[in-house]
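Report on the structure
Residue strings, one per chain:
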Amino acid sequence: MAALKAIRLDNNSLAADAMAQMSKGDWPLLERLCLCRLSLDATALLHLSSGNWPCLKKLDVCNNEHPLSSKAISHLSDAQWPLLEWLCLANNGFNKASVLMELSKAYWPLLKTLQISLNHFEPEAASQLVRAHWRSWRA
């Protein structure tokens, strides 16, 4: 399994238990992980963020079956993925600007694309996005 560079798990009935198992794995070369259309919650994202994904560059967590909370995004923001370049959180039922505030706390110095379309953000979200101190500059 260590030679895998991409995994697509979309359209499955996976939730927190599956993410707990995945996070125990050794994934030293995994660059792309697709977790679209699953049943992820805050616990699942806590497991995901604690996994060994040192080469992760692209993470797709779109079209989740349940809306993701700020707490769930807080767990995701704690992840140590220094090579992450692309993150898709589209269509996850976000509606609060606090989700963007949590995302801006992450340290992903190479992040170039943040896909958050098809959510239902309140008007304050645009202001939060502009005011956020994206921490790509931190050493």
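Rules of the game
- Residues numbered from 1 in each chain as written.
- Predicted model: local features only at pLDDT ≥ 70, side-chain atom pairs only at ≥ 80, totals over all residues.
- Heavy atoms only, no water.
- Helix = DSSP H or I, 4+ residues; strand = E, 2+ residues; numbered from the N terminus.
- Polar contact = N/O pair within 3.5 Å; in protein donor to acceptor, adjacent residues only side chain to side chain.
- Pairing = 2+ DSSP bridges.
- Axes fitted to C-alpha atoms, helices over the stretch in contact; angles between N-to-C directions.
- Parallel < 35°, antiparallel > 145°, perpendicular 65-115°, else oblique.
- Contact = heavy atoms within 4.5 Å.
- Nonpolar A, V, L, I, M, F, W, Y, C, P; charged D, E, K, R; others polar.
- Salt bridge = Lys/Arg side-chain N within 4 Å of Asp/Glu carboxyl O.
- Buried < 20%, exposed > 50% of the residue type's maximum accessible area, 1.4 Å probe, protein only.

**Concerning the environment of N64**
Along the chain, N64 falls in the loop between β3 (58-60) and α3 (70-77). For the pair formed by N64 and G93, sequence separation is 29 residues and the distance between their alpha carbons is 8.3 Å. A polar side-chain atom of N64 sits 2.8 Å from the main-chain carbonyl oxygen of H66.

**As for the sheet that holds strand β2 (residues 32-34)**
Taking strand neighbours across the sheet as the criterion, the five strands line up as β1-β2-β3-β4-β5 in an open arrangement whose pairing is parallel. Here the strands that pair on one side only, and so sit at the sheet edges, are β1 (6-8) and β5 (113-115). Ignoring which end each strand starts from, the neighbouring axes of this sheet average 0° apart. When β2 meets β3, the two strands line up parallel, connected through three bridges.

**Observations concerning the packing of helix α1 (residues 16-23) against helix α2 (residues 42-49)**
Pairs of packed helices are described in terms of their axes, by the angle between the two and the distance that separates them. Where α1 meets α2, the closest approach of the two axes is 8 Å, and the angle between their N-to-C directions is 5°. Classified by the angle their axes make, α1 and α2 are roughly parallel. Residues A16, M19, A20 and S23 of α1 pack against T43, A44, H47 and L48 of α2. Partitioned by chemical class, the residues of the contact of α1 with α2 number five nonpolar, three polar and no charged.

**Some words on the pattern of salt bridges**
Counted according to the given criterion, the structure contains six salt bridges. Across the pair E31 and R32 runs a salt bridge whose closest N-O atoms are separated by 3.7 Å. With a relative accessible area of 39%, R32 lands in the partly exposed category. Note that K105 and E102 form a salt bridge whose closest N and O atoms lie 3.3 Å from each other. Here the salt bridges share partners, and the residues they tie into one network are K5, E31 and R32.

**A look at the packing of α2 against α3**
Between α2 and α3, the least distance of the axes is 8 Å, while the angle of their chain directions is 5°. Comparing the axis directions of α2 and α3 gives the class roughly parallel. Across the interface between the two elements, A42, L45, L46, L48 and S49 of α2 pack against K71, A72, H75 and L76 of α3. The residue inventory of the contact of α2 with α3, partitioned by class, reads six nonpolar, two polar and one charged.

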